[in-house]
Amino acid sequence: MTPLDSPTAWPAEAIWEQVFPLLPNFTVEILPEIDSTNSELMRRARAGQHEPTLLVAERQSAGRGRMGRVWQSQAGDSLTFSLSLPMSPKDWSGLSLAVGLSLAESLHAEVGLKWPNDLWFKARKLGGILVEAASMGGRSQVVIGVGLNIRPRPAEGLSTAPAALTELLPQLTAPACLAQVVPPLIRAMLDFERTGFAPLQSRFEARDVLKGQRVHTSDGLQGLCLGLTPGGALRLQTDLGVQEIHSAEVSVRPLPKDTSS
Ligand code: BTN
């Protein structure tokens with residue numbers, strides 16, 4: 001029996017026991033399949049359901065990535081979950097960076113961060129984050145979707161095969177990974193609500209894989225990454241001076257060394 005065949009394999013109760021004191025009404029749901037955990041929690045938020053909810057799906061039939069991309073994952077080889085939280089921080093900037101930082105710190109010292117919120121290992125993508133929000137009647141609900149590659153998978157049309165967490169943590173399973181990352185992520189979101197991104201800047205920069213690299217952005221800028229602003233914007237030294245990139249809708253790619261001069 002593989003871990004996913006067993007209905008008791010997911011640590012739903014252990015997670016609930018850790019989180020419930022911090023978040024009354026917190027619920028955990030594990031589903032064998034859904035279109036997308038983010039889509040489902042966004043549907044619920046728009047329908048006025050504001051309970052803090054962790055929704056895990058063993059399979060997604062229509063997993064979504066940033067910038068309208070498809071997120072592909074295989075049951076057991078990856079972990080896919082979303083967390084829906086009512087939030088009202090004074091300043092939202094840097095929220096998705098705080099998510100990435102929390103995940104990286106609870107996973108492994110060698111997990112890097114590629115702005116705005118990809119998890120990287122050895123120049124390959126280890127996981128991604130899709131943050132969405134619904135506002136209704138003055139209340140804001142944030143849906144944080146996380147996809148982590150647990151076991152290696154083929155490149156499938158990508159130029160390089162993605163990285164996998166078992167390269168760093170050989171015994172890791174999707175359920176164990178869930179238990180490892182969710183309670184710290186919820187604590188990080190509660191801290192973010194109070195203090196914003198600025199206190200996290202130096203910890204993010206310690207894992208920043210772009211700092212000091214020449215990059216180009218999907219909206220046509222090229223330059224040298226200088227790090228971040230206290231609000232989490234990317235600082236880029238371009239021919240026109242230092243530019244700050246705020247939008248998470250911009251994709252940033254390192255330039256190959258031979259075209260960087
Ligand atoms: C990205 O890097 O483009 C973001 C990927 C986010 C994928 C996760 S998997 C769980 C949640 N449900 C989705 O449909 N997407 C997010």
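This text goes with the structure placed above it.
First things first, this report covers the structure right here in the doc. Being a predicted model, the structure only gives us computed values, none of them experimental.

Quick look at the overall build of the protein chain
Each helix and strand counted, the protein chain has five helices and 12 strands in total. Here the C-alpha radius of gyration of the protein chain, 18 Å, is about what a compact globule of 261 residues would show, namely 18 Å. Counting only C-alpha atoms, the protein chain reaches 55 × 45 × 30 Å along its principal axes. Looking at the protein chain residue by residue over its 261 residues, the buried ones come to 51%. Contacts in the protein chain between residues far apart in sequence, at least 24 positions, make up 64% of those at least 6 positions apart. Summing over all exposed atoms, the protein chain offers an accessible surface of approximately 12,200 Å²; the carbon and sulfur share of this is 52%. Charged side chains in the protein chain number 24 positive and 26 negative. The centres of these two groups are separated by 4 Å.

What to know about the environment of leucine 185
Of note, leucine 185 is situated in helix H4 (residues 174–195). Accessibility expressed as a relative area gives 0% for leucine 185, which makes it buried. The spacing of leucine 185 and alanine 174 is 11 residues in sequence and 16 Å in space, taken between C-alpha atoms. Those residues within four positions of leucine 185 in sequence are excluded, and the remaining contacts are Phe81, Leu83, Val99, Ser102 and Leu103.

Some points on the pattern of salt bridges
Counted under the stated rule, the structure contains 12 salt bridges. Close ionic contact of glutamate 132 with arginine 64 constitutes a salt bridge, the shortest N to O distance being 2.9 Å. Of the two residues, glutamate 132 sits in strand S6 (residues 124–136) while arginine 64 sits in the loop between strand S2 (53–60) and strand S3 (78–86), which places them 68 residues apart along the sequence. On the basis of relative accessibility, which here comes to 19%, the residue glutamate 132 falls in the buried class. When its relative accessible area of 32% is taken as the criterion, arginine 64 is described as partly exposed. Among the ionic pairs, lysine 114 bridges to aspartate 118, the shortest N-O distance being 3.9 Å. A single burial state applies to lysine 114 and to aspartate 118, both of which are buried. Through salt bridges with shared partners, a single network forms among Glu29, Asp35, Glu40, Arg43 and Arg44.

The rules behind each value
Residues numbered from 1 in each chain as written. Predicted model: local features only at pLDDT ≥ 70, side-chain atom pairs only at ≥ 80, totals over all residues. Heavy atoms only, no water. Helix = DSSP H or I, 4+ residues; strand = E, 2+ residues; numbered from the N terminus. Rg over C-alpha atoms; globule rule 2.2 N^0.38 Å. Buried < 20%, exposed > 50% of the residue type's maximum accessible area, 1.4 Å probe, protein only. Contact = heavy atoms within 4.5 Å. Areas by Shrake-Rupley, 256 points an atom, 1.4 Å probe, with all protein chains shown as cover. Lys, Arg positive; Asp, Glu negative; His and termini not counted. Charge placed at Lys NZ, Arg CZ, Asp CG, Glu CD. Salt bridge = Lys/Arg side-chain N within 4 Å of Asp/Glu carboxyl O.

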